[in-house]
Amino acid sequence: VHDEKGRPMATFTVVDKDYKAHRLFARGHVNGRDSAIGRSARTFPVWNATTGQVNFYKDLWSPTDQEKSEADIMKDLNAHNVPNVPRVMSGGRTSNETKNHKYVNAEWNNCRTHSSDVVSRTLNFVMMEEAGRPLYSFRSAYELLKVTYDAFLVWYLLSL
């Protein structure tokens, strides 16, 4: 799929918590995967053809044994009305799982390592209603600092 200027666009479908399929279009990611190991997160604004709105999408590879997905944590924060946390439309674990942890120390592998970073990982995603806004659009320094404060507060509360 290409946009009106011929630039390539990704298109994919996700299903929300009410089992409604959302057809998404993305021109490019805000940040991309830059490592063969680790979380390899991708984030980008998407045009949701189902609702006609712009949403924000993120996917990442998290350890399979991780207790909660990022979407689950954000849903908990939404349920407790934590300020400045985007509203989750859809998200959670998928059935996609890595296999490289099985072969990292195989005899035939010339890149053998004993790194604990190479573990089984599952693809997780979260789609948020809000796509965010540029930093210059804040009405005041207070508003920007309040958002930053709330983010640190949430991080602190989650680490308890």
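Residues numbered from 1 in each chain as written. Predicted model: local features only at pLDDT ≥ 70, side-chain atom pairs only at ≥ 80, totals over all residues. Heavy atoms only, no water.

Describe the overall build of the protein, listing the residues and the values that go with them.
Check the secondary structure of the protein and you find 3 helices and 6 strands. Traced from its N-terminal end to its C-terminal end, the protein shows the element sequence β-β-β-β-α-β-α-β-α. Counting over 160 residues, the protein shows a buried share of 31%. The contacts in the protein between residues at least 6 apart in sequence include a share of 53% that link residues at least 24 apart. (Helix = DSSP H or I, 4+ residues; strand = E, 2+ residues; numbered from the N terminus. Buried < 20%, exposed > 50% of the residue type's maximum accessible area, 1.4 Å probe, protein only. Contact = heavy atoms within 4.5 Å.)

Can you explain the confidence of the model for the protein? Please cite residues and give values.
When pLDDT is low, close inspection of the predicted coordinates is not appropriate. Within the protein, residue pLDDT values average 80, and 85% of them lie at 70 or more. Looking across the protein, the model is least confident in helix α2 (residues 100-103), with a mean pLDDT of 76, and most confident in strand β2 (residues 21-26), with 89. (pLDDT = per-residue confidence, 0-100.)

Any chance you could break down the nonpolar core for me, citing the residues and the numbers?
Buried together is how nonpolar side chains tend to be arranged in soluble globular proteins. With 10 residues, the main nonpolar core is built from F12, V14, L24, A26, F44, V46, Y57, M89, F125 and M127. Looking at this core, the elements with two or more residues in it are β1 (10-15), β2, β3 (42-48) and β6 (121-128). With 9 residues, the next largest nonpolar core counts F56, V85, V88 and V126 among its residues. (Core = buried A, V, L, I, M, F, W, Y, C linked by side-chain atoms within 4.5 Å.)

An account of the sheet that holds strand β4 (residues 53-63) is needed here, citing residue identities and associated values.
Read from one edge to the other, the open sheet built from 6 strands follows the order β1-β2-β3-β4-β6-β5, with strand pairing classed as antiparallel. If you trace the sheet from one side to the other, it starts and ends with β1 and β5 (88-97), each paired once. Between one strand axis and the next, the sheet turns by 30 degrees as a mean value, whatever way the strands run. Where β3 meets β4, 7 bridges bridge the pair, whose relative direction is antiparallel. (Pairing = 2+ DSSP bridges. Axes fitted to C-alpha atoms, helices over the stretch in contact; angles between N-to-C directions.)

Hey, could you go over unusual backbone geometry for me, with residue numbers and the actual values?
You will see that N81, though not glycine, has its phi angle at about 55 degrees, which is positive. Take N81: it is sitting in the loop between α1 (70-79) and β5. The exposed category is assigned to N81, whose relative accessible area is 66%.

How would you sum up the pattern of salt bridges? Please name residues and give values.
Counted according to the given criterion, the structure contains 6 salt bridges. Across the salt bridge formed by R42 and D59, the nearest N and O atoms sit 2.6 Å from each other. One end of the pair, R42, is in strand β3; the other, D59, is in strand β4, with 17 residues separating them in the sequence. Between K68 and D76 there is a salt bridge, and its shortest N-O distance comes to 2.3 Å. It is possible to trace a salt-bridge network through shared partners that takes in R87, E129 and E130. (Salt bridge = Lys/Arg side-chain N within 4 Å of Asp/Glu carboxyl O.)

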